[in-house]
Structures are given as structure tokens and as C-alpha cells.
Amino acid sequence: MLFNYSKTPFYAIAAFLFAVKTYMVYRFIFDLSIENPLQEIILIINPIATAFLFFTAVVWFKPEKQIKYTRRIALIGSLILYFNVIYFRSFSDFLTIPVLFQSSNAGDLGSSILQLTYTLDLLLFLDVAIIYFLSKKISLDAQPSLKNMKLRATVIAVALLVGNVVLAELERPMLFVRAFDREYLVKNIGVFNFHLYDVALHSKSKAQRVLADGSEVKQVEEYTNKNIKSGQPSKLQGIAKDKNIIYISAESLQSFVINNKLNGEEVTPFLNDLIDESYYFENFYHQTEQGKTSDSEFVIENSMYPLSRGAVFFTHSQNELNAVPEIVGDYGYTSAVFHANNKSFWNRSVMYDTLGYDKFYSETSYNVNSENSIGWGLSDKAFFDQSIKYLKSMEEPYYAKFITLTNHFPFELPEEQQTIDKFDSNSKTLNNYFTTARYTDEAIKQFFQQLKEAGEYKDSILVIYGDHYGISEYHNKAMSQYLGKEEITPYDHIQLQRVPFIVHIPGHEGGRTISKVSGQMDMKPTILGMMGIETENGVDFGTDLFTSDVDPLVVLRDGSFISENYLYTRDTCYNRKSGEEISMEKCKPLVSKAQQELNYSDSIIYGDLLRFYDAEYTQVEEDVNYK
Ligand code: GP9
Ligand code: MN
């Protein structure tokens, strides 16, 4: 035997085993990309430093307690790692405190959790089992009991951590200040220290509201007036005046399936035809983060950025906002959301009040049973079918938002309902995706038909958009196979964040595909512009897409951005059109602008600054004023 474990401090054995496991998870599950040798060194040092720091804490207790606490730390640490693994498989992201407190979502996530757990995950608890086994055989005499032994152990653990942080700062200066990308943070300080950092951040944001005052909002207003707001009226100004507005939020629908085929068959034949009769924005990006669907709702209705962690729907549901349902309510609109899921999911029942919705048709308004359910709940076809009667009962003009659900991870559809082949790759997720995307396409087709039959179609304007990505980076290999690319580069990854945005105006002949870059942030001013509702002030971060005097800049929540000429992500600047890597000098000015915009938006949310601000809206007098 190389060493006599019964004579070794137990916490050190446990820390070593835990560190090895953590490293394996970083390397093989989180698949953290390593770009240089320093990153590799950090990735090895970090799990050791962290494990020793946590496990060494036990030396300050009596030897019997040391053994007991060591076992507990191993178990709790492993559970934290396991939950991160589950979360990562679904979202390519790490847990944050706000996400953890979204406990009402946990029940609904049940079916996904099983999908996301693999048998091999048991290995995540292998060290815990070994530690329990060894703890029975360990000698109490070997545990640190003298003051100088304890001190020495602690000094070594802290020194390791300091070394880790210094290396991290060398590798990525300003890491803690910028903190936009959780992957960078985890790569440099590890998932456990990331959680500690997150707790500190959370407490800070709680304090911010208390300290905020009204002066900052003026600064934001100046910025948006100068940089974002258009000085022109919409080219479609007033076209939607007094018409019903129907939004369809298409779950996880990405643009890569639009006008695309699988085995020679169109994936979304209905939407492809509809595009020929609509305005279609082909370079439209989702701007969501951890709040997924709820983030998309927040963005499109407020023209503000979601938070970099957690969901605004949860963390700031009591904020004063200036959302579309509230604004259009002042112009005689009634508003409703239709979504056949639990009303507490994403805290919607609370947040919809804050946004100014009159009514929320949630799961309880629908007849949901095992026959008409798929995956997460009521199937999209049954959902639209059962919604029509409620829509008809609404007082006109109305502003109605329908949120579909069937095209949701894990994208499973009963075989008899599949009308397109599955893809054939190593990713079950991507393989399935085509079948549920097609299903949603059919459901929307059916909805259009039903709207026509119910007489709700011709006086309405229909807006269809994808809420966020459905296929995470985890499936890049399969995705590259589908797209016929050698690999998915960071540039491709950003381009995959495009989701469809379709504005369909019945009676408006012909279609127009618009290539200028745009994002969910732009939906609020675009729709309001079509309704002829204008504002002189406002602190929105979006531009009316039917104007042309503002250079578009689409900022993603992680600080990546897309402008007319450039695309920036992960410290690299690309030519937007060719995808070719170019000098960072080109992107630099916009990097700080993007950052500033995100900071401004955050300061409004954290400080609840709209409580100090009144935006004034007016509606154009004439009915229709478009050419
Ligand atoms: C749940 C639906 C889907 O109600 O919004 O949630 P997601 O996971 O996409 O945010
Ligand atoms: Mn969604």
C-alpha cells in the first residue's frame, strides 16, 4: 500500500477524492473549453484549492466531529454538483440563487429531470460512498488536533485559493467586475466559489433598490434618446390602430428550421408559406437568459434587458414598469395571456398583473387530460382549439398573447402524431426537435384557420416570434451534422440564437423579408409604432423596425452583440456577413457601448427606477398613414 489511509487526516483524503471528481465533471460534463495552458492549469488547481478550502474547515472541530463533518461536506458538495449537472444538460448554464428559489418551477421540471439524469451519474456519488466506507476505518489519532496542525492546514488551503484567484485574474482581468459569462467564472474559480460569488451578488442587488434615487434614470433617458430611439415615424404608422393584436410565442423555435428541410421535406411548411405573405425578419435574435420564456416576455413587453442571472419575473415582479399591456390599456385595449400551464410557473400570476394584463387564461381555464397532453402539458393543437372561445369573448380591440408549449425540451411527441422524420444523429434532443417544431407549425396553421372561421382574423394583426433557443450548445456536434458544417464556431453559435419574427397583416398583399439585424428588444416600439402610439421620452432599449434612421445594435445578455457589420462574442470580433475573424479594434467601441446599455438596463431594474419616471404616450389622430 502506498500510504496508510487510516493514518492520514481524513479531510485530506476526502478533499483529494472530491477534487478529482470535480475536475472530471468540469472536463467531461461541463465540457469547459480550454483555450490555453494557463486555463488548463487553473482548471486543475481550482478543484484542489476549493476542495481543500471547504474540507479543511473541519480541522477546527474535535477529531470525531471532523469525520462526521467531512462526510456531510462530501454529500452536500456532490448534490450541488449533481444539480448543476442536471441544469447544465438542459440549459448549458450553471445554477444561480434566483433560479434556485424558483421552487414553484421545480414540480413542472419533473419530467425533464428524469430525462436529464443518466445512470452513470451515480459515479458523481462514488467518492461519497468511499468516504463513508473509509470513515469507519479511520484513526482518530491521525486527525489534526494540535493548534499548529490546524493552522498549517488552514494556511495551505487559503494559499491554494489565493493562488487560484491570482491566476484567474491573470488569465481574465476584471473577471469579477464583468461577470457576464458564467462559464468564464466557473472555469476560473470553479462552480462552488461561483455560487459563493453569486450569493454576494444577490445580496448586493437587494441593497441597491434601497439606495437608488431618481437621478440616474435621466442619464439613461439621455442615452436612449441619443443612441436608440428613432426620430422617424414607423413606415407602417397606424396600420394596427384599433386592430386586435395577436402574439404567438413559439416555444423554442429557432430560425434554423425556417425555410429549411429535413430529408427533402420542409420542417415548417405553414410558416414558410406565411412568410411569403408577411414581414419576416430573418436576422432577429432572442435576447433571453436564465428566465427563458419569461425573459422573452419581459423583453418584448418592456424593451429592457433581462437580468444576467435569475428571471426578472421572479426577482423583480413588484417593480414599477411601463409594459405594452398597460400602455395599450390606456387606448381602449383589453389584454389577455393564454398559456395552458400552471399559473405560478415563472411567477406569471404575479408578474402579469405588474405588466398590466387584464386576464390570464392559465391551465385551470383548459380541459387538460392524458389524451390531449404532450410533454409539458396541453398540446398546442388542443390549446389553440380550446382558446378560441375565450378569444371570441374578449372585448375588442384586444391585445392577446398565446404561449405554445409542445416544442419544449425534451421535444418528445407520440409516434402517431409525428409527421416528419426524426433526424439521425447522436443527439436524441436534436433528432426529436424536428418533429415537435413541425407539430407547432401545424398547430399555428390550425389556429389561423380557426381564427378565420371565428371571424377574428381579418381585424387582427398576427405576430409570431420564437421565445429562445431550443437546442443548446451541448448538441453542437449533431447540429453541425444537420447544418453540414465541420463544427459550430462561436460565430455560428450566435447565429443560432436567431429566432423567427413574423408580422402578418391580413389584407396586406405580398411579403417582405427584412435582413437588417433586430432583436426581441425592438418588438415593443415596432408594435406600438404600428398602433400609432408614440412617445417622446421613455427609456426603452429597442428601435421601431419600420424606421430606418438608427444603426441597429443587438446586444445579447452575455455582452455579445450583432451590428450591421460586426458580430462580437467571446472576446472575438467577426465580420457579420462572412463570419470571418477580424481585428478586435473594429468591435471595441461597440463592446463598451453594449456593456453600458446592459448596465443601464440593470440599474433600472435593480433600483426599480421607473418608480421615479413617467413616460407619456400619444396616439396618432388619423387612422392609417402608411405607404
Ligand atoms: C412554461 C413555459 C416553458 O410555462 O413557458 O418554459 P421555458 O422552460 O421555455 O421557460
Ligand atoms: Mn420557452
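Residues numbered from 1 in each chain as written. Chains lettered and ligands numbered in written order. Predicted model: local features only at pLDDT ≥ 70, side-chain atom pairs only at ≥ 80, totals over all residues. Heavy atoms only, no water.

## Concerning the sheet that holds strand E6 (residues 334-338)
Strand order in the open sheet formed by eight strands is E7-E6-E10-E1-E11-E12-E4-E13, with mixed pairing between adjacent strands. The open sheet has two edge strands with one neighbour each: strand E7 (359-361) and strand E13 (512-514). Recorded for the sheet is a direction-independent mean angle of 15° between the axes of neighbouring strands. Helix H17 (residues 428-453) contacts strand E1 (244-250), strand E10 (398-403), strand E11 (460-466) and strand E12 (501-504) of the sheet and is inclined by roughly 165° relative to E1. (Pairing = 2+ DSSP bridges. Helix = DSSP H or I, 4+ residues; strand = E, 2+ residues; numbered from the N terminus. Axes fitted to C-alpha atoms, helices over the stretch in contact; angles between N-to-C directions. Contact = heavy atoms within 4.5 Å.)

## Examining the domain arrangement of the protein
Looking at the assigned domains, one finds that the protein contains domain 1 (10-208) and domain 2 (216-624). Relative placement of domain 1 and domain 2: their C-alpha centres are 36 Å apart. Tallying the contact residues gives 33 residues for domain 1 and 33 residues for domain 2. Both sides of the domain 1 and domain 2 interface together cover about 2800 Å² of buried area, and 47% of this is carbon and sulfur. Across the contact surface, domain 1 and domain 2 share one salt bridge. (Domains from an automatic or database assignment. Buried area = accessible area lost by both parts, 1.4 Å probe. Salt bridge = Lys/Arg side-chain N within 4 Å of Asp/Glu carboxyl O.)

## Some remarks on the pairing of E1
Burial runs high along E1: seven of the seven residues are buried. Side chains of E1 alternate between two faces, with Asn 244, Ile 246, Ile 248 and Ala 250 and Ile 245, Tyr 247 and Ser 249 buried alike. Here E1 pairs with E11 via seven bridges, running parallel. Pairing of Ile 248 across the sheet is with Ile 464, part of E11. Strand direction decides the pairing type here: E1 and E10, joined by five bridges, are parallel. (Buried < 20%, exposed > 50% of the residue type's maximum accessible area, 1.4 Å probe, protein only.)

## Observations concerning the site of ligand 1
Taken together, Glu 251, Lys 292, Thr 293, His 339, Asn 341, Phe 345, Trp 346, Arg 348, Trp 376, Leu 405, His 408 and His 468 are the residues near ligand 1. Contact between ligand 1 and Glu 251: an oxygen atom at 3.0 Å from a side-chain N or O atom of the residue. Contact between ligand 1 and Arg 348: an oxygen atom at 2.7 Å from a side-chain N or O atom of the residue. Bound to the protein, ligand 1 loses 98% of the 310 Å² it would expose on its own. (Near = heavy atom within 4 Å. Polar contact = N/O pair within 3.5 Å; in protein donor to acceptor, adjacent residues only side chain to side chain. Areas by Shrake-Rupley, 256 points an atom, 1.4 Å probe, with all protein chains shown as cover.)

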